Amino acid sequence: MDHAWIDGAPAGLAAAAATAARLLDASRQPLIAGLGADVAGARATVALAQRIGAVVDHMHGDALLRDLDVLREAGAMLTVPSEARVRADTVLLIGPGVSAAESRLSQYLFGAPDKRIFWLCPDADPGRVDKIAVIGRGARELPVLLAALRARVKGRPAGAGPVSVQVLDGLADALKAAKFGVAVWSAANLDALAIEMLCGLVDDLNATTRFSGLPVPAGDNAVGVQQVCGWMMGFPVRTGWGRSYPEHDPWQYRAARLVDSGEADCVLWISAYQAAVPEWSGDPPTIALAPAGAKFARAPRVHIAVGAPGRDHDSVEYHEMLGSFTVMAATSPSEALSVAAAIDSIALHLSTGSAAC
Amino acid sequence: MLTCIKGGHVIDPANGRDGIRDIWMRDGRIVEVPAGGVADETFDASGKIVMAGGIDIHSHIAGWSVNTARLLLPEFRLGTPVRPGSTPLSAAGWPAFEIGCAYAAMGFTFVVEPAVSPHFALHAHLELADIPIIDKAMLAVLGNDDFLLGLMRGKESASAVRDYVAWTLAATQGIGIKVINAGGSASFKENVREFSFDDVVPSYGVTSRQIVKTLQQAVTDLGVPHPLHVHCNNLGIAGNVETALATIAAAEGLPLHLAHLQFYGYGKEGPRGFSSAGARLAEAVNAARSVTIDVGQVMFGQTVTVSLDALRQFRARNQAKPRKWAILDGDANGAGVVPYNYRAADFYNAVQWAVGMELFLLIDDPWRVFFTTDHPNGAPFTTYPEILALLMSRDLRNQWIATLPPEAIAVTTLPSIGREYSLAEIATMTRAAPARLLGLRDRGHLGAGAVADVAVYGNDPDRAKMFRAAALVFKSGALVVRDGMPTQRSFGRALTVRPERDQAIDRRLKAYYDERYGLSDDLIKVPGHAIGRPEPFEMVSCRR
């Protein structure tokens with residue numbers, strides 16, 4: 001089985017790594033994107049970015065920054081899934097993508113009995129909803145509904161909205177009667193204003209009872225990568241090293257914008273957990289660290305096959321239920337390269353900068 | 001390779017040395033003066049002060065709270081290579097990498113992250129592993145966790161608690177145990193908003209006092225060198241000196257360490273109902289010989305408070321400056337991140353500054369008072385040079401006092417205190433004493449066999465300048481800093497303890513995690529291979 005390709009043709013790892021290094025050396029603005037990697041891969045990525053002056057983004061950067069923007073503009077009251085499962089007597093699901101079928105986190109929460117469950121604006125047929133009270137339908141109604149609900153929780157008037165004031169008041173009373181409530185949302189499906197309104201609602205509920213937020217984490221170790229970026233760069237994803245020190249700008253350093261505008265002239269695309277491929281329309285020279293079967297619209301200049309963290313090799317990554325990092329032992333160990341090892345191979349051939357520590 | 005630091009004024013209180021002598025190093029250790037030995041490399045330290053590497057026993061440098069503070073406050077760290085002095089936290093050593101460099105520049109070679117939730121231990125260790133140059137360690141936090149409170153509710157034996165504490169230290173690779181607002185976070189989850197030392201945790205029927213005493217006994221009996229590290233209830237509240245005094249009294253002759261005592265030095269006197277109780281507190285510490293404390297000095301400027309005292313941080317969130325915050329009402333302690341700006345013109349902040357100074361100056365034994373700002377809670381650790389200068393000069397303190405609100409100074413005793421720390425006392429407080437407190441026999445001194453962690457300072461009468469940029473720093477015998485600039489970026493280790501336990505507790509915890517959380521207890525364990533550096537841990541022996 002082949003492990004590396006240059007322009008779609010099988011190649012040795014050393015040749016592929018050398019070609020990748022040449023592309024990165026020649027680049028005026030390299031971009032490292034996708035970044036579906038474990039902690040070792042993320043650490044190697046940031047070190048590489050520092051060395052070659054690259055921008056760092058994650059394929060779920062939009063969702064990551066939506067939650068983070070609410071936190072760093074207003075604040076948030078959060079909890080972890082393991083605590084919520086044990087303690088929550090009331091669960092408020094918000095918007096699409098949070099059913100037990102769609103979210104392992106919700107499935108885990110519902111694994112413990114005796115919870116009242118409400119679901120605002122599921123936006124789709126919620127399927128089997130026994131024991132779940134559905135309020136509102138379309139996700140577009142959500143901002144108005146959340147604002148009205150927050151007003152009613154604080155005893156303020158709310159105008160006519162997608163649902164009646166009686167229904168809102170019933171929900172407000174139920175939330176206030178919760179002993180320990182949890183609001184669950186997925187930033188992939190909400191806008192930042194809705195999330196901010198929701199976090200405000202959660203904070204207001206804490207005036208008299210206990211309530212916390214529980215965002216469904218994006219996949220591909222997005223939260224883990226964000227944390228690594230935090231301690232290595234002092235900033236989240238969408239940070240660039242073009243001027244040799246890290247600069248964070250959520251608009252300027254968004255991967256798709258950099259590619260579509262032509263600013264990024266070489267892309268290192270990383271996706272080890274699944275065969276995800278870039279969604280942008282531009283077509284800069286691309287080096288892919290992705291599973292052997294990844295189907296790209298056009299063959300990358302270099303493709304080095306990597307294994308899946310926690311399957312092909314042991315990994316350290318964010319654990320969705322624990323709410324922190326853990327070690328995942330390889331479920332079927334193989335010789336497939338890790339992202340960190342692939343980056344190390346490329347770095348051996350780089351002439352830009354010097355090896356970081 | 002044989003290295004000699006020649007002709008410096010060596011201040012090494014652990015070995016009773018205070019005078020001109022040479023320090024010899026070989027293979028990362030201090031060695032006796034070799035008979036007829038010729039150094040492969042010699043560093044001239046004449047006219048300079050030579051001390052062991054500094055040790056900080058309480059500084060929040062890694063983990064969820066610290067990293068959340070980074071993500072919460074991008075504006076505190078504008079993207080400039082050398083950040084201007086006017087940028088808040090400009091010199092705070094913000095990313096992991098800068099923390100190690102900034103500590104080493106000041107001559108510090110070992111730092112303890114004091115607040116790690118066991119479930120977040122791997123995260124903390126991953127960050128610690130990316131802090132270069134210095135060695136580090138962390139304290140695991142118990143006392144709001146369901147398993148311990150359940151053991152106490154069930155009136156289980158002291159040995160069950162001991163085994164659980166030992167299991168926690170092994171799982172998390174900690175060097176000691178801390179308790180933070182014992183029972184306070186557990187009560188907050190049941191909607192309690194105020195919690196004191198003799199209040200009862202709902203659902204468990206145990207008091208904060210009982211939790212502290214139970215953990216103190218377990219840590220002592222296990223022979224863990226570092227005493228139970230206590231963050232008391234009622235942090236930051238007027239009149240909370242009573243809580244601190246009650247906690248000190250509860251030590252009852254057994255070792256107990258009270259963290260950032262400054263934040264508990266508040267009375268209710270004066271026109272604003274807020275006054276310094278620093279003198280009273282210092283008197284109680286002086287009398288309680290088994291008690292040690294660190295100060296948690298406040299310095300003026302923008303900072304961010306990070307704490308696993310979720311109840312306190314929740315209550316403080318409305319004072320956030322800038323107005324944003326993160327509270328994690330997570331398993332056991334939870335956590336909170338609340339930015340705050342200490343202002344010299346603010347009555348309360350000025351009193352807080354003075355309380356810290358009073359504790360430093362009125363606690364008479366430098367072996368029992370430790371040098372901290374509770375970084376970043378009282379101030380960033382990069383303010384240490386200024387604090388050392390204040391401790392060493394009454395004139396300098398008087399200059400500061402003259403700029404502060406007189407009505408604030410009036411509710412303190414600070415102007416009446418003439419004491420000035422000597423360099424030997426500074427070396428005791430920041431080197432010899434912390435090594436002893438942590439059970440590190442081969443650190444904090446310059447005797448033969450010690451790890452060759454050495455700081456050489458220019459003997460500048462401007463003490464802040466002297467301590468801000470060490471002339472030379474050696475870590476394990478290697479030169480790592482010259483004139484305050486890092487010259488080498490090797491990585492140190494995390495120090496851990498591993499007291500013995502009855503392995504029956506392992507089976508019990510496996511079943512507990514499975515039943516309560518539907519998760520494997522293995523998830524929270526920190527194996528060496530996960531850290532991503534060779535030999536990431538070093539064991540400190542227990543007394544038993």
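Source: prediction; values computed, not measured.

Undergrad: Please give an account of the overall build of chain A that cites residues and values.
TA: Helix and strand content of chain A: eleven helices and 17 strands. Taking 357 residues into account, the globule formula puts the C-alpha radius of gyration at 21 Å, and chain A, at 22 Å, falls close to it. Counting only C-alpha atoms, chain A reaches 70 × 40 × 35 Å along its principal axes. Evaluated residue by residue, chain A yields a buried proportion of 59% over its 357 residues. In chain A, 30 positive and 37 negative side-chain charges are present, and the distance between their average locations comes to 4 Å.

Undergrad: Can you explain the pattern of salt bridges? Please cite residues and give values.
TA: Residue and element names in this part refer to chain B. Following the criterion strictly, the structure yields 48 salt bridges over all chains and no others. Residue D22 is joined to K6 by a salt bridge in which the shortest nitrogen-to-oxygen separation is 3.3 Å. Of this pair, D22 sits in strand β2 (residues 17–26) while K6 sits in strand β1 (residues 2–12), placing them 16 residues apart in sequence. Residue D22 is classed as partly exposed on the basis of its relative accessible area, which comes to 25%. Accessibility expressed as a relative area gives 41% for K6, which makes it partly exposed. In this structure, R493 and E538 form a salt bridge, with 3.6 Å as the shortest nitrogen-oxygen distance. In this pair, R493 sits in the loop between β24 (485–486) and β25 (494–497) while E538 sits in strand β26 (residues 537–540), placing the two residues 45 residues apart along the sequence. Salt bridges here are not isolated pairs; linked through shared partners, they connect R29, D135, D442, R443, D453, K475, R493, E535 and E538.

Undergrad: So what's going on with the confidence of the model for chain B? Residues and values would help.
TA: Residues and elements named next belong to chain B. On average, residues of chain B carry a pLDDT of 95, and 97% of them reach 70 or more. A low-confidence stretch, residues 78–93 stays under pLDDT 50, and its non-local contacts, those more than four residues away or across chains, total 30 contacts. Scoring of the predicted complex yields 0.97 for pTM and 0.97 for ipTM.

Undergrad: Quick one: what's the story with the pairing of strand β5 (residues 48–52) of chain B, residue by residue and with numbers?
TA: Remember that side chains alternate between the two faces of the sheet whenever the strand is regular. All names here are of chain B. Burial runs high along β5: four of the five residues are buried. Examined bridge by bridge, β1 and β5 share two bridges and lie parallel to one another. Among the inter-strand pairings, H9 is bridged to a residue of β5, identified as I49. Bridging between β5 and strand β21 (residues 454–458) involves five bridges; their strand directions are antiparallel. By the bridge assignment, M51 is partnered in β21 with A455.

Undergrad: Go over empty space enclosed by the protein with me, naming the residues and quoting the values.
TA: Following the criterion strictly, the structure yields five cavities of 30 Å³ or more and no others. Considered as a void within the structure, the largest cavity measures approximately 220 Å³ in volume. Around the largest cavity, the lining is made up of 23 residues, and of these H119, D145, D146, A332 and Y517 of chain B lie nearest the centre. Only α4 (81–87) of chain A together with α4 (146–153), α5 (158–172) and α17 (504–517) of chain B provide two or more residues apiece to the lining of the largest cavity. Among the elements that make up the lining of the largest cavity, the one with the highest residue count is α17 of chain B (four residues). Of the residues in the lining of the largest cavity, the class split is twelve nonpolar, four polar and seven charged. At the level of elements, α1 (64–72), β7 (108–116) and β17 (301–307) of chain B are the ones that each hand at least two residues to the lining of the second largest cavity.

Undergrad: Before we move on, could you go through the packing of aromatic side chains and cite the residues and values that matter?
TA: All names here are of chain B. Applying the stated criterion to the full structure yields 26 aromatic pairs over all chains. Their ring planes at 35° and their centres at 6.2 Å tell us that W167 and Y513 sit as a pair that is tilted. Of the two residues, W167 is situated in helix α5 and Y513 in helix α17; the sequence distance between them amounts to 346 residues. Grouped by ring-pair contacts, the aromatic residues Y103, F108, F360, F371, F381 and Y384 constitute a single cluster. Taking the ring centre of F314 as reference, the NZ or CZ of R317 above it sits at 4.0 Å.

Undergrad: Could you give an account of the nonpolar core, with specific residues and numbers?
TA: Among the nonpolar cores identified, the biggest contains 271 residues, and L120 and L289 of chain A together with Y103, V165, I211 and F360 of chain B are the most heavily contacted of them. The greatest single-element share of this core, amounting to ten residues, is contributed by helix α11 (residues 347–362) of chain B. Ignoring any residue separated from it by four or fewer positions in sequence, one finds V165 of chain B in contact with L142, I177, L215, A218, V219 and L222 of chain B.

Undergrad: I'd like a description of the packing of helix α6 (residues 142–153) of chain A against helix α8 (residues 192–205) of chain A, backed by residues and values.
TA: Residue and element names in this part refer to chain A. With their axes 9 Å apart at the nearest point, α6 and α8 run at an angle of 15° to one another. Taken as axis vectors, α6 and α8 run roughly parallel relative to one another. Two packed elements cross with a definite hand, and for α6 against α8 that hand is left-handed. Taking contact as the criterion, the partners of L146, A147, L149, R150 and V153 in α6 are, on α8, A194, M197, L198, G200, L201, D204 and L205. Looking at the contact of α6 with α8 residue by residue, the classes come out as nine nonpolar, one polar and two charged.

Undergrad: Explain the interface of chain B and chain A to me, using residue names and the numbers behind them.
TA: Listed as interface residues are 51 residues of chain B and, on the opposing side, 50 residues of chain A. Between chain B and chain A, roughly 4400 Å² of surface is buried when both sides are summed, and carbon and sulfur atoms account for 59% of that area. Among the residues chain B hides against chain A, the three largest losses belong to L71, W325 and L523 of chain B. Together they make up 15% of the total. At the junction of chain B with chain A, the criterion picks out three salt bridges. A salt bridge links R317 of chain B to D203 of chain A; its shortest N-O distance comes to 2.8 Å.

Undergrad: Any details on the sheet that holds strand β1 (residues 4–6) of chain A? Residues and values, ideally.
TA: Residue and element names in this part refer to chain A. Read across the open sheet, the nine strands follow the order β2-β1-β15-β14-β13-β3-β4-β11-β12; overall the sheet is mixed. Of all strands in the sheet, those with a lone pairing partner are β2 (9–10) and β12 (247–248), marking the two edges. Examined bridge by bridge, β1 and β2 share two bridges and lie antiparallel to one another. Each bridged residue has a counterpart across the sheet, and for W5 the counterpart in β2 is P10. Strand contacts of helix α2 (residues 39–52): β3 (30–36), β4 (55–56) and β13 (266–271), with the helix running at about 175° to β3, the strand carrying the most contacts. Along the sheet face, helix α11 (residues 339–348) touches β13, β14 (286–290) and β15 (302–305) and points at about 145° away from the line of β14.

Undergrad: A description of the packing of α11 of chain B against helix α12 (residues 384–392) of chain B should follow, citing residues and the corresponding values.
TA: Residue and element names in this part refer to chain B. Contact geometry of α11 with α12 gives a least axis separation of 11 Å together with a crossing angle of 60°. Relative to α12, the element α11 lies oblique. The chirality of how α11 crosses α12 is right-handed. For the pair formed by α11 and α12, the contact residues are W353, M357, F360 and L361 on the first element and I387, L390 and L391 on the second. A class-by-class count of the residues in the contact of α11 with α12 yields seven nonpolar, no polar and no charged.

Undergrad: Can you lay out the environment of R22 of chain A for me, pointing to particular residues and giving the numbers?
TA: Relative to the helices and strands, R22 of chain A resides in helix α1 (residues 13–26). Sequence separation between R22 of chain A and S244 of chain A is 222 residues, and the spatial gap between their C-alpha atoms is 20 Å.

Undergrad: Which residues make up the side chain of D38 of chain A, and what are the values?
TA: Residue and element names in this part refer to chain A. When you line up the elements, D38 lands in the loop between β3 and α2. As a buried residue without a salt bridge, D38 has its nearest oppositely charged side chain in R43, at a separation of 9.3 Å. Within polar-contact distance, the side chain of D38 engages the backbone nitrogen of G41 at 2.9 Å. Those residues in contact with D38 that sit more than four places away from it in its chain are N221, Y273, P309, H313, D314, S315 and V316.

Undergrad: I'd like a description of unusual backbone geometry, backed by residues and values.
TA: The amide bond that connects K321 of chain B to the next residue, P322 of chain B, takes the cis arrangement and shows omega of -5°. Residue P376 of chain B is reached from H375 of chain B by a cis peptide bond, and omega for that bond is -5°. Relative to the elements of secondary structure, P376 of chain B occurs in the loop between β20 (369–370) and α12. Positive phi is not limited to glycine here, since D114 of chain A has a value of about 65°. With respect to the secondary-structure elements, D114 of chain A resides in the loop between α5 (104–110) and β7 (116–120). Phi angles above zero are rare outside glycine, and Q173 of chain B is one such case at about 60°. Secondary-structure assignment places Q173 of chain B in the loop between α5 and β9 (176–180).

What counts as what
Residues numbered from 1 in each chain as written. Chains lettered and ligands numbered in written order. Predicted model: local features only at pLDDT ≥ 70, side-chain atom pairs only at ≥ 80, totals over all residues. Heavy atoms only, no water. Helix = DSSP H or I, 4+ residues; strand = E, 2+ residues; numbered from the N terminus. Rg over C-alpha atoms; globule rule 2.2 N^0.38 Å. Buried < 20%, exposed > 50% of the residue type's maximum accessible area, 1.4 Å probe, protein only. Lys, Arg positive; Asp, Glu negative; His and termini not counted. Charge placed at Lys NZ, Arg CZ, Asp CG, Glu CD. Salt bridge = Lys/Arg side-chain N within 4 Å of Asp/Glu carboxyl O. pLDDT = per-residue confidence, 0-100. Contact = heavy atoms within 4.5 Å. Pairing = 2+ DSSP bridges. 1 Å grid on protein atoms, 1.4 Å probe; cavity = no way out; pocket = protein on both sides within 12 Å on 5 of 7 lines; lining within 4 Å. Points joined across faces, edges and corners; volume = space filled by probe spheres on them. Nonpolar A, V, L, I, M, F, W, Y, C, P; charged D, E, K, R; others polar. Phe/Tyr/Trp six-rings, centres within 6.5 Å; stacked < 30°, edge-to-face > 60°. Lys NZ or Arg CZ within 6 Å of the ring centre and 35° of its normal. Core = buried A, V, L, I, M, F, W, Y, C linked by side-chain atoms within 4.5 Å. Axes fitted to C-alpha atoms, helices over the stretch in contact; angles between N-to-C directions. Parallel < 35°, antiparallel > 145°, perpendicular 65-115°, else oblique. Left-handed = near helix turned anticlockwise from the far one by under 90°. Buried area = accessible area lost by both parts, 1.4 Å probe. Polar contact = N/O pair within 3.5 Å; in protein donor to acceptor, adjacent residues only side chain to side chain.

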